[in-house]
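# Secondary and tertiary structure notes
Below, each chain spelled out in residue letters.
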Amino acid sequence: MQSTSSRPFSYEPFPTAGVVAYFSMEIAINPGMPTYSGGLGVLAGDTLRSAADQGVPLVAFTLAHRKGYFQQHLDSQGVQSEEVQQWNPADFCTEEPVRITVSVEDRVVQVRCWRYDLVGRYGHVVPIYLLDTDLDGNSGWDRGLTDHLYGGDTNYRLQQEIVLGMGGVRMVNALGHRVNVYHMNEGHAALLTLALLEHQMGGGPIGAPTEADLALVRQRCVFTTHTPVPAGHDRFSIEQTIRILGGDRTARLEKLGCYRDGMLNMTLLALRFSRYANAVAMQHAKVSREMFPEFPIDSITNGVHAPTWVSDPVQKLLDTHVPAWRRDNLYLRNVIDLPENEMLATHAQAKRALLSEVATRTGRMLKDDVLTIGFARRVATYKRATLLFTDPERLVEIANKAGGLQIIYAGKAHPQDEPGKALIHKVVEDAARLSGNLLQIVYLENYDWALGAMMTAGVDVWLNTPKRPYEASGTSGMKAALNGVPSLSILDGWWIEGCIEGFTGWAIEDGANDAEEATSLYRKLEAAVVPLYLSDRTHWARLMRNTIAFNGSYFNTNRMVKQYTRNAYYPVQLLQRVKVEEEQLAV
Ligand SMILES: *Cc1c(COP(=O)(O)O)cnc(C)c1O
């Protein structure tokens, strides 16, 4: 079977044959499918949506995650409990008839896949294949291998990564796609390199690869690393890899330098076998090069898929004033000319929609003329969800001077992340204690795609307080920017590139410790944000325009996918080689 992708148009010089095969453990495909947990999955989904819009010949692989990530419930004290998000792939996807197998421990596991056709704005299709081991021939354990996103222990994770990486390579061949480039979106898919190497060497796991074998694999692989947090890089012990991958494969990967401190390091494996690697923001590339000094690591700053994250009212406004924005996000620069009163009236609609959702969920009636701050993200300790509560009296005082302040929180903690869960509990407790007349703080349950879209569009200021340098990029502030919402944030991740002080938002200054950074946060709120909001709404509207014109026009996946195409997938030299191959094939 040839690629199912039609190619009605294209901006870029793609080869006429072959596809990019994109691998990601999570992909936010559709709001009804619980196949993502947070930033990585949203980024993957936005990448594919923009690839489809731009006619990039690309197919994607992930796991079915039949039991999803989890649905979050919070009791009145902010204690989190989790519920399985069972879904049925047949409701959204078509089953492909092909079957492949992978070996896991001493077992042969059958794998099938479900196809979801992601259709771009102009009709180009990016097929997403969801690998699934829930088949009659498999044992009960193996049937569950593709059920839980980030569930279970590291044994379960390594088995899942065999299905994704090694299973994915076999599946893409079985489906009949000709692949020019394999893109590993994070290290979870790094075992695809092992499958390619074995294929190159004629099959089984025995034998020693030549330099030429290795070079041929490297020629086809590119890799994106997504986090500077050490725990975010998958590692497996030698004992585990001998048991699960097998002794021969373990010995081979060890010889090839993929173990560090006695552990198989998936980032190292991906880097060793990639001709190109990148981090997801300028600062993140610097940090990544320090972590892996042997490798050249480029940076391609993340973005978001603009039409997915811009609220309905703002979409209408843009369609009226800069109708070309959907086709080419660079036209968003022309928002600089929008009438201030229309900008304000449009944002007010998105804000009312958010506040009415808050009322429905919590019974709390927030006010639409009060400065409203949003903070929502996966609750990891380095993100410091409680920084704003460092000095509660100061916060109350700021709210009083402002004539009111509203703060909307949301975020899930991983089920096994006890410190993260404790943080949610603390935010909810502090919120209850501090909420009074002029300060209102709410915590919304079950942060997901839909809630993320509402919050980033509806608040007045987007707050982000990570501890430097652990934020690789962050994308929620980009969604806010596209909706005309300025950020108040630590200078880390994307914000180093996006912050023009007092123009697209504000920087929280670096301090020696949390307390100093909290002080800077209060000072910025008190001296810059609140006075501007209260005294000069026209000036505020100009700030809103700036966030779209300067940051929305750049921090989008329309630009990002073009950068991947030119720098990672088809740099000029590679394109030449592919063209020569095609000519030879044609003769
Ligand atoms: C955008 C988004 C994220 C990622 O945003 P960060 O700024 O990296 O936290 C996570 N979860 C959801 C639901 C999102 O929509």
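These figures come from a predicted structure and were not determined experimentally. (Residues numbered from 1 in each chain as written. Predicted model: local features only at pLDDT ≥ 70, side-chain atom pairs only at ≥ 80, totals over all residues. Heavy atoms only, no water.)

Let us now look at the overall build of the protein chain. In terms of regular secondary structure, the protein chain is built from 21 helices and 21 strands. Over its C-alpha trace the protein chain gives a radius of gyration of 24 Å, about what one expects of a compact globule, namely 25 Å for 587 residues. The dimensions of the protein chain, computed from C-alpha atoms along their principal axes, are 75 × 50 × 45 Å. When each of the 587 residues of the protein chain is scored for burial, the buried share is 60%. By sequence separation, contacts in the protein chain at least 24 residues apart represent 72% of the contacts at least 6 residues apart. Looking at the protein chain as shown, the accessible area adds up to about 21500 Å², and 52% of this sits on carbon and sulfur atoms. (Helix = DSSP H or I, 4+ residues; strand = E, 2+ residues; numbered from the N terminus. Rg over C-alpha atoms; globule rule 2.2 N^0.38 Å. Buried < 20%, exposed > 50% of the residue type's maximum accessible area, 1.4 Å probe, protein only. Contact = heavy atoms within 4.5 Å. Areas by Shrake-Rupley, 256 points an atom, 1.4 Å probe, with all protein chains shown as cover.)

Okay, the domain arrangement of the protein chain next. Along its sequence, the protein chain is carved into domain 1 (19-299) and domain 2 (308-555). Summarising the inter-unit geometry, the C-alpha centres of domain 1 and domain 2 are found 32 Å apart. Roughly 2800 Å² of surface becomes buried between domain 1 and domain 2 when both sides are summed, with 58% attributable to carbon and sulfur atoms. Per-residue buried area on domain 1 facing domain 2 is highest for Gln72, Leu74 and Gln283; these three make up 18% of the total on that side. Between domain 1 and domain 2 we count 1 salt bridge in total. (Domains from an automatic or database assignment. Buried area = accessible area lost by both parts, 1.4 Å probe. Salt bridge = Lys/Arg side-chain N within 4 Å of Asp/Glu carboxyl O.)

Overall, the coordinates contain 20 aromatic pairs when judged by the stated rule. Judged by centre distance (5.8 Å) and plane angle (50°), the ring pair of phenylalanine 389 and tyrosine 409 falls under tilted. Of the two residues, phenylalanine 389 is situated in the loop between strand S16 (372-376) and helix H13 (392-401) and tyrosine 409 in strand S17 (residues 405-410); the sequence distance between them amounts to 20 residues. In this structure phenylalanine 389 comes out as buried when scored by relative accessible area, which is 5%. By relative accessible area, tyrosine 409 is classed as buried at 1%. (Phe/Tyr/Trp six-rings, centres within 6.5 Å; stacked < 30°, edge-to-face > 60°.)

Among the residues making up helix H9 (residues 282-291), those that are buried are Gln283, His284, Ala285, Val287 and Ser288. Among the structural elements, strand S14 (276-279), strand S15 (298-299) and helix H17 (495-498) are those in contact with the buried residues of H9.

Another aspect to go through is the site of the ligand. Inspection of the region around the ligand gives 13 residues, with Gly39, Arg377, Thr475, Ser476 and Lys479 positioned closest. Between the ligand and the protein, one listed contact pairs an oxygen atom with a side-chain N or O atom of serine 476 at 2.5 Å. Lysine 479 is positioned with one of its side-chain polar atoms (N or O) 2.6 Å from an oxygen atom of the ligand. The fraction of the free accessible surface of the ligand (390 Å²) that becomes covered by protein chains is 95%. Looking at the shell around the ligand, the elements that each hand over two or more residues are helix H1 (39-53) and helix H16 (476-482). Both domain 1 (19-299) and domain 2 (308-555) contribute no fewer than three residues apiece to the shell around the ligand. (Near = heavy atom within 4 Å. Polar contact = N/O pair within 3.5 Å; in protein donor to acceptor, adjacent residues only side chain to side chain.)

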